[in-house]
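Structural description and commentary
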There are 2 protein chains.
Amino acid sequence: MIRGIHHINLLVRDLDDAMERYRRMLGVDDFIIDSLEGRAVRTARFRTGDSWIVLVQPTGPGEPQRVLDEQGEGLFLLSFDVDDLDSAGEHITQAGGALRGEPRRGLEGWSVIDVAPESLCGAQIQLAEDAQKND
Amino acid sequence: MIRGIHHINLLVRDLDDAMERYRRMLGVDDFIIDSLEGRAVRTARFRTGDSWIVLVQPTGPGEPQRVLDEQGEGLFLLSFDVDDLDSAGEHITQAGGALRGEPRRGLEGWSVIDVAPESLCGAQIQLAEDAQKND
């Protein structure tokens, strides 16, 4: 059902500083800078292997800002790649798990839905369907 | 310098319960069960895409138990795949970053070293050299 890590989100306080550090220390030089107004975040993502790493700076009230305030910077979310978001979500609820909220648009037209953390041992797990990948 | 996500560690309190949930909800059925006595953990890992997901249950005092006690279950560590651990570590320190501790043996003979969280915006980032991958 899952076919890889679609992306990982890392919360940062200062996106420019974070990019500079990833550039300097890990040699990352191909950031795509973006924003998601619905989530109140600025983002910078880069590709590594068959996954995206997304650095996320909250810019206003919302779930990312709340988590940053409560837990500080660091790993925020693990998003698994699925080929069909609806059927994957349905599989989880039929297996006794729960989804949190409705499917929403992520960066670059990704369709994503969050799994309720209590379903998978406290982890922030998400499912992502990537139209580009399915083309 | 980094060429993909080598593995992600997720802390869980009960490894058997966690495997059962990943099986049932995400369709994962090929766990490799292992342990690392030096870290005082039991682990269950599975492959997804070109990465490993490692579920980690602390079994005694150590860094994983400390983090579980302080932060609870969930995402613990992001390990990037590098082809040469020594030169990657040296690159980070020459770029003004810091490593934490010495290189150590991970699961299955992986060689790993932790980057100091303050170097990369609070995240638990690790580098891993995988002898099998380099063969």
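Up top is the structure these notes are about.
A few points on the structure. In this text the structure is predicted, and so the values were computed from the model without any measurement.

This next bit is on the overall build of chain A. Tallying secondary structure elements over chain A gives 4 helices and 8 strands in all. Helices (α) and strands (β) of chain A occur, in sequence order from the N terminus, as β-α-β-β-β-α-β-α-β-β-β-α. Expected size for 135 residues packed as a compact globule is a radius of gyration near 14 Å; at 15 Å, chain A falls within 12% of this value. The principal-axis extent of the C-alpha atoms belonging to chain A is close to 45 × 35 × 25 Å. When the 135 residues of chain A are sorted by exposure, 44% land in the buried category.

Contacts between chain A and chain B engage 35 residues on the former and 35 residues on the latter. Elements with a minimum of two residues in the side of chain A that touches chain B: β1 (5-11), α1 (15-26) and β5 (74-81) of chain A. By residue class, the composition of the side of chain A that touches chain B is 17 nonpolar, 12 polar and 6 charged.

Attention now moves to the relation of the copies chain A and chain B. You can overlay chain A on chain B at an RMSD of 0.0 Å; the transform is a turn of 180° with a shift of 0.0 Å along its axis. The superposition of one copy onto the other is thereby described by a two-fold rotation axis. Of the residues that chain A buries at the interface, 100% are likewise interface residues in chain B, meaning the two copies contact each other through the same surface.

Our next topic: the pairing of β5 of chain A. Residues and elements named next belong to chain A. Here β5 lies mainly inside the structure; 8 of its 8 residues are buried. Bridge count for β1 against β5 is 6 bridges, and the pairing is antiparallel. For Ile-5, the partnering residue across the bridge sits in β5 and is Phe-80. Here β5 pairs with strand β8 (residues 125-129) via 4 bridges, running parallel.

It is worth spelling out unusual backbone geometry at this point. A positive phi is found at Glu-108 of chain A, a non-glycine position, where the angle reads about 55°. Position of Glu-108 of chain A among the secondary structure elements: in the loop between β6 (99-105) and β7 (111-115). In this structure Glu-108 of chain A comes out as exposed when scored by C-beta crowding, with 12 C-beta atoms within 10 Å. Look at Cys-121 of chain B: it is not a glycine, yet its phi comes out positive at around 60°. The topology assignment puts Cys-121 of chain B in the loop between β7 (111-115) and β8 (125-129).

Time to look at the sheet that holds β7 of chain B. Pairing between the strands of a sheet is mediated by backbone hydrogen bonds and can be parallel or antiparallel. Residues and elements named next belong to chain B. Spatial strand order, β2-β3-β4-β1-β5-β8-β7-β6: 8 strands in an open sheet with mixed pairing. Among the strands making up the open sheet, the edge pair consists of β2 (32-36) and β6 (99-105). Taking the axes of each pair of neighbouring strands and ignoring which way they run, one obtains an average angle of 25° across the sheet. Of the pairings in the sheet, the one linking β6 to β7 comprises 4 bridges and is antiparallel in character. Counted as the bridge partner of Arg-104 is Val-112 from β7.

Residue and element names in this part refer to chain B. By the secondary structure assignment, Gly-60 is in the loop between β4 (51-58) and α2 (63-71). Given 10 C-beta atoms within 10 Å, Gly-60 falls into the exposed group. For the pair Gly-60 and Leu-36, spaced 24 residues apart in sequence, the C-alpha to C-alpha distance is 11 Å. The residues contacting Gly-60, other than those within four sequence positions of it, are Ala-40 and Gln-65.

Here the focus is the sheet that holds β7 of chain A. Residue and element names in this part refer to chain A. Pairing within the open sheet is mixed, and its 8 strands lie in the order β2-β3-β4-β1-β5-β8-β7-β6. Edge positions in the sheet fall to β2 (32-36) and β6, since each has one partner strand and no second. Pairs of neighbouring strands in the sheet enclose a mean axial angle of 25°, with direction left out of account. As paired strands, β1 and strand β4 (residues 51-58) are joined by 5 bridges and run parallel to one another. Pairing of Leu-11 across the sheet is with Val-56, part of β4. Along the sheet, α1 makes contact with β3 (41-48) and β4, crossing β4 at roughly 145°.

What counts as what
Residues numbered from 1 in each chain as written. Chains lettered and ligands numbered in written order. Predicted model: local features only at pLDDT ≥ 70, side-chain atom pairs only at ≥ 80, totals over all residues. Helix = DSSP H or I, 4+ residues; strand = E, 2+ residues; numbered from the N terminus. Rg over C-alpha atoms; globule rule 2.2 N^0.38 Å. Buried ≥ 20, exposed ≤ 12 C-beta atoms within 10 Å, placed from the backbone. Contact = placed C-beta atoms within 7 Å. Nonpolar A, V, L, I, M, F, W, Y, C, P; charged D, E, K, R; others polar. Least-squares fit on C-alpha atoms with pLDDT ≥ 70 in both. Pairing = 2+ DSSP bridges. Axes fitted to C-alpha atoms, helices over the stretch in contact; angles between N-to-C directions.

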